[in-house]
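Chain by chain, the residues:
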Amino acid sequence: MSARQMKLGLFLWATGHHIAAWRHPDAHVTAGIDIDHYIALARTAEAAKFDMVFCEDAAGLREANVQIASQTSRSIGFEPISLLSALAAQTERIGLVSTASTSYNEPYALARMFASLDNLSGGRAGWNLVTSASPIEAANFGATGLRPHADRYERAREFAAVITGLWHRKAAGYDGESFSVRDPLDIPPSPQGAPVMVQAGASDDGKDLAARTADVVFSAAQTFEDAKAFYDDLKGRLAAYGRRPDDVKIMPGVAPMVAATKAEAQAKYDALQELIPDDVGVALLSSYLSISDLGRYPIDGPLPELPESEGMKSRQALVIEQARRDGLTIRELARYFAGARGHWRVVGTAEQIADELQARFEGGAADGFNVMPSWFPGELDAFAALVVPELQRRGLFRKDYEGRTLREHLGLKRPV
Amino acid sequence: MGVLANRQGTQQQRNIQEPCGKRWLAGKWQLGGPLGPVALRKGGPRLVARTAADFRGSRMGRIMHLAVSLDIASATGQTSLTFAEIDGFVRKAEAAGVDMVVISDSGPNGEPSTSPFEATTLIAALATATEKIGLVASASTLAHQPYTLARRFASLDIISHGRTGWNVTTAQNPREAANFSRPEGFSDDDFRRRAREFINIVRLLWISWEHDALLFDKASGRFHDPDKMHLANFTGEFFSVRGPLNVARSPQDRPLLVMSGLAETEFDFASRRADLVLLDKREPSDARAACDEIKRRAYDAGRDPMTIRVLTVADARPERDGGILEALCRSSGCDGIVLAVQPRAAALEDFVERLLPELKRHGFAETQPGKTLRDRLGLGEDGRP
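Criteria and cut-off values
Throughout, residues of each chain are indexed from 1 in the direction in which the sequence is written. For this description, chains carry letters from A and ligands carry numbers from 1, given in the order in which they are written. Note on the predicted model: pLDDT of at least 70 is required for a residue's local features to be given, and 80 or more for side-chain atom pairs to be given and counted; whole-chain, interface and lining totals, by contrast, use all residues. Hydrogens and waters are ignored; side-chain quantities use all the structure's heavy atoms. Elements are defined by DSSP. Helices are runs of H or I of four residues or more, strands are runs of E of two residues or more, and each kind is numbered from the N terminus. Type-normalised accessible area, obtained with a 1.4 Å probe on protein chains alone, sets the label of each residue: buried when under 20%, exposed when over 50%, and partly exposed for intermediate values. When checking whether two residues touch, look at their non-hydrogen atoms; a contact exists if any pair is within 4.5 Å. Accessible surface is estimated by sampling points in the Shrake-Rupley manner with a 1.4 Å probe; for residues, cover comes only from the protein chains shown. The quantity reported as buried area is the accessible area (1.4 Å probe) lost by two parts once they are put together, taken as the sum for both. Any Lys or Arg side-chain nitrogen located within 4 Å of an Asp or Glu carboxyl oxygen qualifies as a salt bridge. Residues are sorted three ways: Asp, Glu, Lys and Arg are charged, Ala, Val, Leu, Ile, Met, Phe, Trp, Tyr, Cys and Pro are nonpolar, and all the rest, Gly among them, are polar. Lines fitted to the C-alpha atoms define the axes, with helices restricted to the stretch that makes contact. Angles between their N-to-C directions range from 0 to 180 degrees. Orientation is classified from the angle alone, with under 35 degrees giving roughly parallel, over 145 giving roughly antiparallel, 65 to 115 giving roughly perpendicular, and any other angle giving oblique. Take the far helix as your reference; a near helix turned counterclockwise from it by less than a right angle gives a left-handed crossing, and one turned clockwise gives a right-handed crossing. Here the aromatic set is Phe, Tyr and Trp, taking the six-membered ring for Trp, and pairing holds for ring centres within 6.5 Å; pairs whose planes are under 30 degrees apart are stacked, those over 60 apart are edge-to-face, and all others are tilted. Think of it as a cone above the ring: NZ of Lys or CZ of Arg counts as a charge over the ring if it is within 6 Å of the ring centre and within 35 degrees of the ring normal. Being paired, for any two strands, means DSSP has found at least two bridges between them. Counting rule for disulfides: a pair of cysteine sulfur atoms within 2.5 Å. Here, nonpolar core refers to any group of buried Ala, Val, Leu, Ile, Met, Phe, Trp, Tyr and Cys residues whose side-chain atoms link them within 4.5 Å. Multiplying 1.5 Å by the residue count of a helix minus one yields the expected span of that helix.

Hey, could you go over the overall build of chain A for me, with residue numbers and the actual values?
Along chain A, the regular secondary structure elements total 15 helices and 11 strands. Buried positions account for 65% of the 416 residues belonging to chain A. A fraction of 78% describes how many contacts in chain A between residues 6 or more apart in sequence connect residues 24 or more apart. Just so you have it, chain A exposes about 14400 Å², and 51% of that area is on carbon and sulfur atoms.

This is the structure:
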C-alpha cells in the first residue's frame, strides 16, 4: 500500500487508563503482579499489527495521599524495562517502548539497558524520554525538592545528546555539565541501528527538545484544533535542526470506548464513571494541576485561580482551558479527566471512532495514535476486534507488518 | 511461630533445622525457642555446639548445590553468544537440575564487553522461557540508583515467580566510575561504605509492602491497605530515599542477595546481609576457612548460620572432571560450587554434554526443585529487618 497509513501504539497501563478501571467486573485486577497479563496484551496488539506497545513510568508513588492512593491500582506495577525485556522474548514483531527518566539515570547505564532491549527484541526498542516532574519521585533520589523546569530540560538535552552519541557510535569521551562518559558503548547496535527516541513533553522546552531529538512524539489534545496546532508547531520546529517533517511521527493519545451502537458505548463509559470515588477524582485532578489541595474547594464549584506550576506546565494549561471552556465544576472536571487523563476520548461505534481518527489523520493533526484502552483486557480486545479492521478496510492501517524493526514499522530512517 | 514463616506452609518442608524459632516482636526479629522469646544478645542465641564444623552440618550425604556463572562479556574479536545460544544453554542447565545461573556482563577487570546484552534485561527475557532455574544477574552500584535497582530486581522476581537474585560486590571496578559521571572515582573505602548503604536501602525497599497489603477488593474500592505499605525514610551518608517501592512484595520477599568479590573486611557485612556468598578462592583450604568464618560471624551476629549459603567458584576447564570438582567441593566445606563457563558456544556445549552428566553422577544438582530460588537453596523467606 503506497498511501500514507496511520501508526498505532498501545499504551499499557496496569488495569487500564480509566482511574476506576481496576474496579470493572471483568478487569484483570492483579495486572500489576502478573506478567502473563502483559504477555497477553502485547500479543493481542501484535496480532492487530500495532506498531508498538508503550509503558509509561514513574519512580515512585503516583499519589502522595495514601488514602487516595489505596483506592487506585497505581501504587504498584512492574519496572518497565524489565517488563519489556520479558515481552521481547514472548513477541516477534511489535515495538517495545519504555519510559525512563533523565533526572534519575546515568546516560551510559541507560544506553546499555535500551541497547540490550533493542538486541533482545531484534531491533524493536524505543526510549520515551521524561524529565520527571513529581516531587514524590525526587524524594526517592536524595533530592529535597524538585529541580526547576528549565534545569530539568537542560539536563535532559545533555542526556539525549550523550545517549544518542553512544548509540550512534560517535567519538568516545564526553565531559559536560551534568555527565561524563569515558568509553564508547560496549553493546553492539541492533538491526535497527539504535532505539527509537520518543518524547511527550508539550511545553516549549519539551517541544524544542523533541524537534531536536525525537523520532516519535506522544501528545494530549482534546480538540482537532489543539491537535492541529501542536502538530504544526512541532513539525515547524524541525527545519531549524536540519530535519524534515516526516522524520518525526506525532501520535496523540486517544481513549476509545467502542461498542456495536453509540448508546451501548456510552452506557459502558457511564458505568465506569460511576466507579470513581469523588475524593479520588479530585485528587487525580489536583495532581495533574500540580497542586495538592484542590480538595479544600467546594466540589460543585468552579476551578479556582491557580498559579503556574513548576511541574507540568503544558498539561496544566490544557486542564484549565478545558474547564473554562465548558464551565465545568470541580466534580465534573475531575470525572471528565479521570476517564482519559486529559487525553482525547471517543465513545461510539467502530465506524464513528474510525471517522474521528481518520479526520485527524487526514486533516494534518496526527501521524497516528497512542491508544489508551479504558480497562484491560476488554477494551483492548474491543478496539482490536472492531476498530482495527475498520481502519484496515479503509486502507488507513496495515494488514500486516512490512518490516521487522520498530523503525521499519514507523517508516523511520536508520541512524547513520 | 510468626505469620511470615507460615504464610506458604513451606517452613515444615524445609530440610534445615532452625536452632530457634524466629518471631516478629516489638518491631524487630526476636529469636526464641519453644519456651518463648529470648533476648537477642551479643554472641548469638544459645546453642550447645559452637565449633566451626557445627555450622557446616554433616559432611556426607549433604546437598552440593551447583551454580553456573556466565560472564557474557567476550573479548573483542570473539564471537558473542546469541540469545538463542544463551537461552538453549540455560534451558539445558535447568533440565539437568542446576540450581542457578549467575550472569554478568563485564570482564573481570572491567574491560568493555562485546555482548549484545546487559545482564538484568537478559535474565528478564530468560525468566519467561524457563520455569525452575534460579536467575541471578550482576548489577553495579555505580550504574544505578538504589531505588531503580530495587524496582528492577523486585520486578524480575515477580516475572520469574521467585527465581531472581542480585549479585553485588562491594569492590570497586577501576574502570567503571569514569562512565558514570564520576571521573574522580571513589576511594576503596568510600566505595565500600557507599555499596553497603546501597544494599541496605535496596533490602529495605524490598519489604515496603507487607505480604497481605494488596486487597484487590473491587466492591469496596480498596486496592491496597495503606497501613501495610511502609516508607523507607532512609537518610544516610550517600543516599536518601523516602520510599515506598512502587513494585509489590515479590514472591521471595526479597530477591536473593548474592555477594561476590568479597575482601575479608567485608565478611562482617556479608555475614549479616547476604543470602549467598560466592567465594573466589584458589585453594580449597582457603575457601573452607572463609566459609567457616562467614558462618561463624553470621552466628555471632545473632543469625542462624543455616540461613546463609556459601559456594566456591571453580572454572569449568576441559581438564576438570566430576571427581575433581566433587573433591574440591567437599574439601572446601562449602555448600556447593559455582562453575565459571567461558562465553563461547563450544564451551557451553562442552559443559552441557560432558561435564554436567559427570557432575550429576558425583552428586551435584540433586536439589529438590522448590518453587523459588530460596526454596531450592533451603533458605527461608527473608523478612529480616
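Structure's up, so let's keep going.
Describe the interface of chain B and chain A, with residues and values.
At the junction of the two partners, chain B supplies 57 residues and chain A supplies 60 residues. Interface area lost by chain B to chain A is led by Asn179(B), Lys218(B) and Phe223(B), which between them contribute 15%. Taken together, chain B and chain A are joined by 4 salt bridges. Residues Asp183(A) and Arg175(B) are paired through a salt bridge, measuring 3.1 Å at the closest nitrogen-oxygen approach. Going through the elements one at a time, helix H4 (119-127), helix H5 (146-159), strand S8 (214-217), strand S9 (222-224) and strand S11 (240-241) of chain B are the ones with two or more residues in the side of chain B that touches chain A. The leading source of residues in the side of chain B that touches chain A is H5(B), at 8 residues. Among the residues forming the side of chain B that touches chain A, the class breakdown is 28 nonpolar, 19 polar and 10 charged.

Can you break down the packing of helix H1 (residues 35-47) of chain A against helix H3 (residues 80-90) of chain A residue by residue, with the values?
All names here are of chain A. Two numbers describe how H1 lies on H3: the axes approach to 10 Å, and their chain directions differ by 55 degrees. Here H3 runs oblique to H1, going by the angle between their axes. By crossing handedness, the relation of H1 to H3 is classed as right-handed. Across from Ile35, Tyr38, Ile39, Ala42 and Arg43 in H1, the residues of H3 making contact are Leu83, Ala86, Leu87 and Gln90. Among the residues forming the contact of H1 with H3, the class breakdown is 7 nonpolar, 1 polar and 1 charged.

Lay out the side chain of Thr329(A) with the relevant residues and their values.
Tracing the backbone shows Thr329(A) in the loop between helix H11 (313-326) and helix H12 (330-340). When sequence neighbours within four positions are dropped, the list of residues in contact with Thr329(A) reads Ile299(A), Asp300(A) and Gly301(A).

With reference to specific residues and values, describe helix H7 (residues 204-213) of chain A.
Of all the positions in H7(A), only Gly206(A), Lys207(A), Leu209(A), Ala210(A), Ala211(A) and Thr213(A) are classed as buried. Those residues of H7(A) hidden inside the fold are in contact with strand S4 (125-130), helix H6 (149-167), strand S7 (196-199), strand S8 (216-219) and helix H8 (224-237) of chain A.

So what's going on with the pattern of salt bridges? Which residues, and what values?
For the structure on display, the rule yields 51 salt bridges over all chains. A salt bridge links Arg393(A) to Glu390(A), with the nearest nitrogen and oxygen atoms 2.6 Å apart. Here Arg393(A) and its partner Glu390(A) are both found in helix H14 (residues 378-393), 3 residues apart, which amounts to about one turn of the helix. Between Glu402(A) and Arg398(A) there is a salt bridge, and its shortest N-O distance comes to 3.1 Å. Arg398(A) sits in the buried class, given a relative accessible area of 3%. Beyond isolated ion pairs, a larger network of salt bridges with shared partners links Asp268(B), Arg272(B), Glu293(B), Arg296(B), Arg297(B) and Asp300(B).

Tell me about the packing of aromatic side chains, and name the residues and values.
Under the counting rule described, the total for this entry stands at 23 aromatic pairs over all chains. Measuring from centroid to centroid gives 5.2 Å for Trp22(A) and Phe223(B), while their planes differ by 85 degrees, and the two rings are edge-to-face. In this pair, Trp22(A) is assigned in the loop between strand S1 (7-12) and H1 and Phe223(B) in strand S9, connecting two distinct chains. Judged by its relative accessible area of 0%, Trp22(A) is buried. The structure contains a cluster of three or more aromatic residues connected by ring pairs, namely Phe114(A), Trp127(A), Phe159(A), Trp167(A) and Phe179(A). Above the face of the Trp344(A) ring, Arg360(A) is positioned so that its terminal group lies 3.5 Å from the ring centre.

Can you break down the sheet that holds strand S14 (residues 309-315) of chain B residue by residue, with the values?
All names here are of chain B. Read once around its circumference, the closed barrel built from 8 strands follows the order S4-S5-S6-S7-S12-S13-S14-S15, with strand pairing classed as parallel. Strand-to-strand, the axes of this sheet are offset by a mean angle of 25 degrees, without reference to chain direction. Packing of helix H3 (residues 83-95) onto the sheet brings it into contact with strand S4 (65-71), strand S5 (100-104), strand S6 (134-138) and strand S15 (336-341), and relative to S4 it is tilted by some 175 degrees. On the sheet, H4 packs against S5, S6 and strand S7 (164-168) and is oriented at approximately 165 degrees with respect to S6.

Account for unusual backbone geometry, with residues named and values stated.
Looking along the chain, the bond that leaves Phe376(A) and enters Pro377(A) is cis, with omega of -5 degrees. As for its placement among the helices and strands, Pro377(A) is situated in the loop between strand S11 (368-371) and H14. With an omega dihedral of -5 degrees, the bond running from Gly243(B) to Pro244(B) counts as a cis peptide bond. One can find Pro244(B) in the loop between S11 and strand S12 (256-260). Despite not being glycine, His161(B) shows a phi value in the positive range, around 55 degrees. With respect to the element layout, His161(B) can be found in the loop between H5 and S7. The residue Ser181(B) is not glycine, and still its phi comes out positive at about 60 degrees. If you trace the backbone, Ser181(B) turns up in the loop between S7 and helix H6 (188-206). By relative accessible area, which is 18% here, Ser181(B) ends up buried.

Quick one: what's the story with the environment of Pro195(A), residue by residue and with numbers?
Residues and elements named next belong to chain A. Along the chain, proline 195 turns up in the loop between strand S6 (180-181) and S7. The sequence separation of proline 195 and arginine 407 amounts to 212 residues, and the corresponding C-alpha distance is 8.4 Å. The residues contacting proline 195, other than those within four sequence positions of it, are Phe114, Ala115, Asp118, Ala125, Gly126, Trp167, Asp215 and Arg407.

So what's going on with the state of the cysteines? Residues and values would help.
All told, the structure shown has 0 disulfides over all chains when counted by the stated rule. The thiol sulfur of Cys291(B) is not disulfide-bonded, and the nearest other cysteine sulfur, from Cys334(B), lies at 4.2 Å.

Before we move on, could you go through the nonpolar core and cite the residues and values that matter?
The biggest cluster of nonpolar side chains holds 194 residues, and the ones touching the most others in it are Trp166(B) and Phe351(B). Leu289(A), Leu303(A), Ala323(A) and Ala334(A) belong to the second-largest nonpolar core, a separate cluster that totals 15 residues.

Give a detailed account of the pairing of strand S10 (residues 344-348) of chain A, specifying residues and quantitative values.
All names here are of chain A. S10 sits mainly inside the fold: 4 of its 5 residues count as buried. The pairing of strand S9 (residues 249-258) with S10 spans 5 bridges and is parallel. Bridge pairing in S10 links valine 254 to tryptophan 344.

Any chance you could break down helix H8 (residues 284-300) of chain B for me, citing the residues and the numbers?
Counted at 1.5 Å a residue, the expected span for H8(B) with its 17 residues is 24 Å, and the 24 Å between its end C-alpha atoms agrees. With its phi angle positive at about 85 degrees, Gly302(B) sits one or two positions after the end of H8(B).

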